[in-house]
Protein chains: 2
Amino acid sequence: MSDTPDSAVRTYIEEHRDAFLGDLAEWLRIPSVSAQPAHDADVRRSAEWLAAKLAETGFPVAEIWPTPGAPAVFAEWPSGDPDAPTVLVYGHHDVQPAAREDGWHTEPFEPQIVDGRMYGRGAADDKGQVFFHTLGVRAHLAATGRTAPAVNLKLLIEGEEESGSPNFRALVESRAARLAADAVIVSDTGMWSETTPTVCTGMRGVADCEISLYGPDQDIHSGSFGGAVPNPATVAARIVAALHDADEHVTIPGFYDGIAPLTDAERELIAELPFDEASWLTTAKSYGTLGEAGFSTLERVWTRPTAEVNGIGGGYQGPGGKTIIPSSAQLKLSFRLVAGQDPDHVEKAVRQWVAERIPAGVRHEIAFGAATRPCLTSLDHPALQSVVRAMSRAFDGQKIRFTREGGSGPAADLQDVLGAPVLFLGVSVPSDGWHAPNEKVELDLLLKGVETTAHLWGDLAAALR
Amino acid sequence: MSDTPDSAVRTYIEEHRDAFLGDLAEWLRIPSVSAQPAHDADVRRSAEWLAAKLAETGFPVAEIWPTPGAPAVFAEWPSGDPDAPTVLVYGHHDVQPAAREDGWHTEPFEPQIVDGRMYGRGAADDKGQVFFHTLGVRAHLAATGRTAPAVNLKLLIEGEEESGSPNFRALVESRAARLAADAVIVSDTGMWSETTPTVCTGMRGVADCEISLYGPDQDIHSGSFGGAVPNPATVAARIVAALHDADEHVTIPGFYDGIAPLTDAERELIAELPFDEASWLTTAKSYGTLGEAGFSTLERVWTRPTAEVNGIGGGYQGPGGKTIIPSSAQLKLSFRLVAGQDPDHVEKAVRQWVAERIPAGVRHEIAFGAATRPCLTSLDHPALQSVVRAMSRAFDGQKIRFTREGGSGPAADLQDVLGAPVLFLGVSVPSDGWHAPNEKVELDLLLKGVETTAHLWGDLAAALR
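All values derive from a computational prediction rather than experimental measurement. Each residue is numbered by its place in its chain's sequence as written, counting from 1. The order in which chains are written sets their letters, starting at A; the order in which ligands are written sets their numbers, starting at 1. Local features are withheld for residues below a pLDDT of 70 in this predicted model, meaning they are given only at 70 or higher, and side-chain atom pairs are given and counted only at 80 or more; totals for whole chains, interfaces and linings count all residues.

With that settled, the discussion passes to the overall build of chain A. Helices and strands together make up the secondary structure of chain A, namely 13 helices and 18 strands. Restricting the calculation to C-alpha atoms gives the radius of gyration, and the globule rule supplies 2.2 Å times the number of residues raised to the power 0.38. Against the compact-globule benchmark of 23 Å for 465 residues, chain A has a radius of gyration of 24 Å, which places it among compact chains. With the principal axes as the frame, chain A shows a C-alpha extent of 85 × 50 × 45 Å. Three exposure classes are used, all based on how many other C-beta atoms lie within 10 Å of a residue's own C-beta (placed from the backbone): buried at 20 or more, exposed at 12 or fewer, and partly exposed between those limits. When each of the 465 residues of chain A is scored for burial, the buried share is 54%. Throughout, a pair of residues is in contact if the C-beta atoms placed from their backbones lie within 7 Å. Within chain A, residue pairs in contact and separated by at least 24 positions form 80% of the contacts whose partners lie at least 6 positions apart. Counting from the N terminus, the helices are DSSP H or I runs at least four residues long and the strands are E runs at least two residues long.

As structure tokens, then:
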């Protein structure tokens, strides 16, 4: 099933472990915070550092791709085999803001190894997980005696993921020919836990809109007029309240169109995971679960679409009271989408449904942002099977389970533009503290990531041929 | 029915008209804006000016009553007759802010008479309507040959009405003995129109509350958790939406307790008024009517209680979108109350109803402000009949119709604390522009107010004896 003797891979990784960790630490010292203009130069420096490191690793092509914002890094290492499939790895080199006073025990940009963990901003999200591809491809070559990878390997490492990837879609569209691939491997996710290795098979998409509701020309006296004219804040509230029925199903006609029912097999795979509601709630910083009847919590966040109010505002919000009928109200809604849903169809359905809920005397405007499509790779897709096999070898034959991601990401743009299936390979764990103080990566798991990719390229080359 | 020959009253008023208007203009020149600290001294000066003018008018007692805010003026003129009833007149000497650049055609604090109207801030609200009591009582004395009014006449003219009367209730409670009266006459309202003289028979009360809803400890990611935890903004919206049924009836159990059904007679009196919905909507700056099924617009704003959202806020309200589940949401609700409703009972009903709507995982707090009770004087109350008779004489025998006021005011405190019925005597008209630029009073109507009070004291003395 593979051409790579596992022991050779492990030996190579063990021999190069210290240099690999030293290089990662050097990269983590560059505070590539894309959200803070003061760090613009650092983000550029991070891209340059990575491009140089990829060239040093052996990638014949390693380029900085500028965008109107922060630069991305593109690298390519052709297989040399005309029949070899092409794989594109996605990650990002920018990081979340971090400051010692936020609660870090060490300086966030001075990485430290303590008890088998490397602490530092970006250790897990996402520099560590990008970086395991460097040693991984070298181990793949060393163990197989190849001089080029078994697949045509491409890397696209963007610099604005932590700022919402504002220029990513345009970048991918303008460079689509060079990015063309048979499969996309996203290394910007994680596993269920240290002891439960998993592969993520999909992400939800998202569509969002802003609704403005206009009633009286100005705030008017609720005594003089109250009870006789429509209140736009009431209209806003009624729209939100009408989004769901008593079972928390979304009521918008057509909203669920195209969604295949969850199969028994899919439900069993989710139910196999050692889910603990109390600890999930702690992560969610929440005090209770509430969701669509007939689905478990994991099914709700991974496999079901949502209609959520992200913001609502209208009338007087200062201290004390003010007896007015507000002149206007605003709503920000977002809809998480799952495989089968078409964002354009959802937008049309929402627009019509909202319009039907506006009483005479109230005017409304509704504007949608750019949607992100859902992506889901079938469990029997050969590339997904490859990832599972490679990961299982790295994890000593342990059973690999499956997760999904409730969030939405730029990976969907790669799927859309390149028409390639998206696979997720990540070894981060929930305790790694993404976006939080004391972010870390487990070194054992990081090296499992290296080992997985060392096995993956050969396996994928065979599976996709 | 009266001891005052109408012609003598008119002659007296005609002879003193110019001096009366000159004095009023002098008072209007004092910018007694209670809401602007820069005018604190002007508000005090206004109180002193009025107290001096009331003493000059003949009131043996004319005092400044300090409060923690702006001072009130109290004056008293005993009848001398041990059987005479006591009447307390309420008004206010503070005014709304005004500046030439708001759209005034003249300086707001330099009153001008143009085409039978006096323009200036406070001309109608409320200095003009307070001031007609000075010439009124003199005309009453002149026409009857009395040296003291037929009733024990008291005036309480507060200085903070335009700032929400924050100290009024405490003032009335602490001075209840001196304010004791058999009837209260509020001269801070108006009539239906120039051609339809009316008496207002009541005001709605108001109770208000602020509800805070707490979900996750901080805003959380709507992708990672959306669809599985309660959203406090959704809970807020559901509370607002559940306030009314499809007929716009308030759904809170017990909310309508104590309200007597509107009688056919009451409905006919309201229907008699020349109501024009288009012009009412213009005044309401609104584009449609919406209210409780089975009631006309005037019935809705005068005779029916409401549940209104004055403010709602939760989650992200800035530009663009943010895919979060908000940590908290806030609601400001107010409930207009009508005769028969008990604010304490309403508060209890709302608290219980809200508590039943909070899902597991959401915590709520609810705080009520001080409520203002509704007040309504029965159409067959002898004091109300007196006001109608006196007004009809001033208006040349014209039929006096009845209105109510949808707003709520400090008059209710007088009713509550003093236990006296509240009657409304005002001659302002909707075109007078309360709180707006170019506020004015119609001089003909102002003098009708003088004339009404000249007739009223003798009539009331007989009616309440």
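On we go from here.
All names here are of chain A. Domain borders in the structure are assigned automatically or taken from a domain database. What the domain assignment reports for chain A is domain 1 (6-203 + 374-463) and domain 2 (205-259 + 305-368). A straight line from the C-alpha centre of domain 1 to that of domain 2 covers 40 Å. For this scheme, ten residues count as nonpolar: Ala, Val, Leu, Ile, Met, Phe, Trp, Tyr, Cys and Pro. Four count as charged, namely Asp, Glu, Lys and Arg, and the remainder, Gly too, count as polar. Its residues assigned to classes, the side of domain 1 that touches domain 2 shows three nonpolar, three polar and no charged.

Only strands joined by at least two bridges in the DSSP assignment are considered to pair. Taken together, eight strands build an open sheet; the order of strands is β14(A)-β9(A)-β13(A)-β11(A)-β11(B)-β13(B)-β9(B)-β14(B) and the sheet is antiparallel. Looking at strand neighbours, the two that pair on one side only are β14 (363-368) of chain A together with β14 (363-368) of chain B, the edges of this open sheet. Taken over all neighbouring pairs, the strand axes of this sheet differ in orientation by 15° on average, direction set aside. Where strand β11 (residues 308-315) of chain B and strand β13 (residues 328-337) of chain B come together, six bridges link them in antiparallel fashion. Looking across to β13(B), one finds that B:Glu308 is bridged to B:Ser334. Note on geometry: axes are lines fitted to C-alpha atoms, helical ones only across the stretch in contact, with angles between N-to-C directions running from 0 to 180 degrees.

Our focus in this paragraph is the packing of helix α6 (residues 232-242) of chain A against helix α6 (residues 232-242) of chain B. Between α6(A) and α6(B), whose axes approach to 8 Å, the crossing angle comes to 115°. Considered as vectors, α6(A) and α6(B) are oriented roughly perpendicular to each other. By crossing handedness, the relation of α6(A) to α6(B) is classed as left-handed. For the pair formed by α6(A) and α6(B), the contact residues are A:Thr234, A:Ala237, A:Arg238, A:Val240 and A:Ala241 on the first element and B:Thr234, B:Ala237, B:Arg238, B:Val240 and B:Ala241 on the second. Across the contact of α6(A) with α6(B), the residue classes break down as six nonpolar, two polar and two charged. Every angle not falling under 35 degrees, over 145, or within 65 to 115 is termed oblique; those three ranges are roughly parallel, roughly antiparallel and roughly perpendicular. When the near helix sits turned anticlockwise from the far one by under a right angle, the crossing is termed left-handed; a clockwise turn instead gives a right-handed crossing.

For the rest of this paragraph, the subject is the nonpolar core. Grouped together as the largest cluster of nonpolar side chains are 236 residues, with contacts concentrated most on A:Val184, B:Val184 and B:Leu423. In this structure B:Leu423 touches B:Ala183, B:Val184, B:Ile185, B:Val186, B:Thr377, B:Ala383, B:Leu384 and B:Val387, once residues within four positions along its chain are discounted. Here, a nonpolar core means buried Ala, Val, Leu, Ile, Met, Phe, Trp, Tyr and Cys residues linked by C-beta atoms lying within 7 Å of one another.

A separate point is the pairing of strand β9 (residues 205-214) of chain A. Looking along a regular strand, one sees side chains alternate from face to face of the sheet. All names here are of chain A. Burial of β9 is extensive: seven of the 10 residues sit out of reach of the surface. Alignment of β9 against strand β13 (residues 328-337), held across 10 bridges, turns out to be antiparallel. By the bridge assignment, Val 206 is partnered in β13 with Arg 336. Sheet topology note: the β9/β14 ladder contains six bridges and is antiparallel. Counted as the bridge partner of Ser 212 is Glu 365 from β14.

Our focus in this paragraph is the packing of helix α3 (residues 127-144) of chain B against helix α13 (residues 443-463) of chain B. Residue and element names in this part refer to chain B. α13 packs onto α3 with a crossing angle of 50° between their chain directions and a minimal axis gap of 7 Å. By the angle class used here, α3 and α13 are oblique. Crossing of α3 against α13: the hand is right-handed. Of α13, the residues touching α3 (which contributes Gly 128, Gln 129, Phe 132, His 133, Leu 135, Gly 136, Val 137, Ala 139, His 140, Ala 143 and Thr 144) are Leu 446, Gly 449, Val 450, Thr 453, Ala 454, Trp 457 and Gly 458. For the contact of α3 with α13, a count of residues per class yields nine nonpolar, nine polar and no charged.

Turning our attention to the sheet that holds strand β4 (residues 112-114) of chain B. Residues and elements named next belong to chain B. With antiparallel pairing, the three strands of this open sheet are ordered in space as β4-β5-β18. The outermost strands of the open sheet, each flanked by one partner alone, are β4 and β18 (440-442). Neighbour-to-neighbour, the strand axes of this sheet turn through a mean angle of 25°, independent of strand direction.

Contacts between the two partners involve 66 residues from chain B and, on the opposite side, 66 residues from chain A. Every element with two or more residues in the side of chain B that touches chain A is listed here: β9 (205-214), β10 (220-221), α6, α9 (297-303), β11, β12 (324-325) and β13 of chain B. When residues of the side of chain B that touches chain A are assigned to their parent elements, the largest contribution, eight residues, is made by β11(B). Broken down by class, the residue content of the side of chain B that touches chain A amounts to 22 nonpolar, 31 polar and 13 charged.

This next bit is on unusual backbone geometry. Each neighbour pair has its own omega, and for A:Asp125 with A:Asp126 the value is 10°, a cis peptide bond. Topologically, A:Asp126 is positioned in the loop between β5 (117-119) and α3 (127-144). In the Ramachandran plot, B:Ser165 falls in the positive-phi region, its phi being about 50° despite a non-glycine side chain. Structurally, B:Ser165 can be placed in the loop between β6 (152-158) and α4 (168-174). Located in the positive-phi region is B:Glu248, a residue other than glycine, with phi close to 65°. In this structure, B:Glu248 sits in the loop between α6 and α7 (264-271).

Glancing now at helix α13 (residues 443-463) of chain A. A helix is expected to span 1.5 Å multiplied by its residue count minus one. An ideal rise of 1.5 Å per residue puts 30 Å on 21 residues; α13(A) measures up with 29 Å between its terminal C-alpha atoms. Of all 21 residues that make up α13(A), 17 are buried, and the element is covered over most of its length.

A word on helix α10 (residues 343-355) of chain A. All names here are of chain A. Counted at 1.5 Å a residue, the expected span for α10 with its 13 residues is 18 Å, and the 18 Å between its end C-alpha atoms agrees. Where α10 is concerned, the buried positions are Val 346, Val 350 and Val 354. Summarising the axial view, the buried residues of α10 lie within an arc of 60°, below the 170-degree limit, and thus occupy one face. Exposed residues pointing more than 90 degrees away from the buried face of α10 are listed as Asp 344, Gln 352 and Ala 355. Close packing links the buried residues of α10 with β9, α6, β13 and β14. The directions considered for the arc are those from the helix axis to the C-beta atoms.

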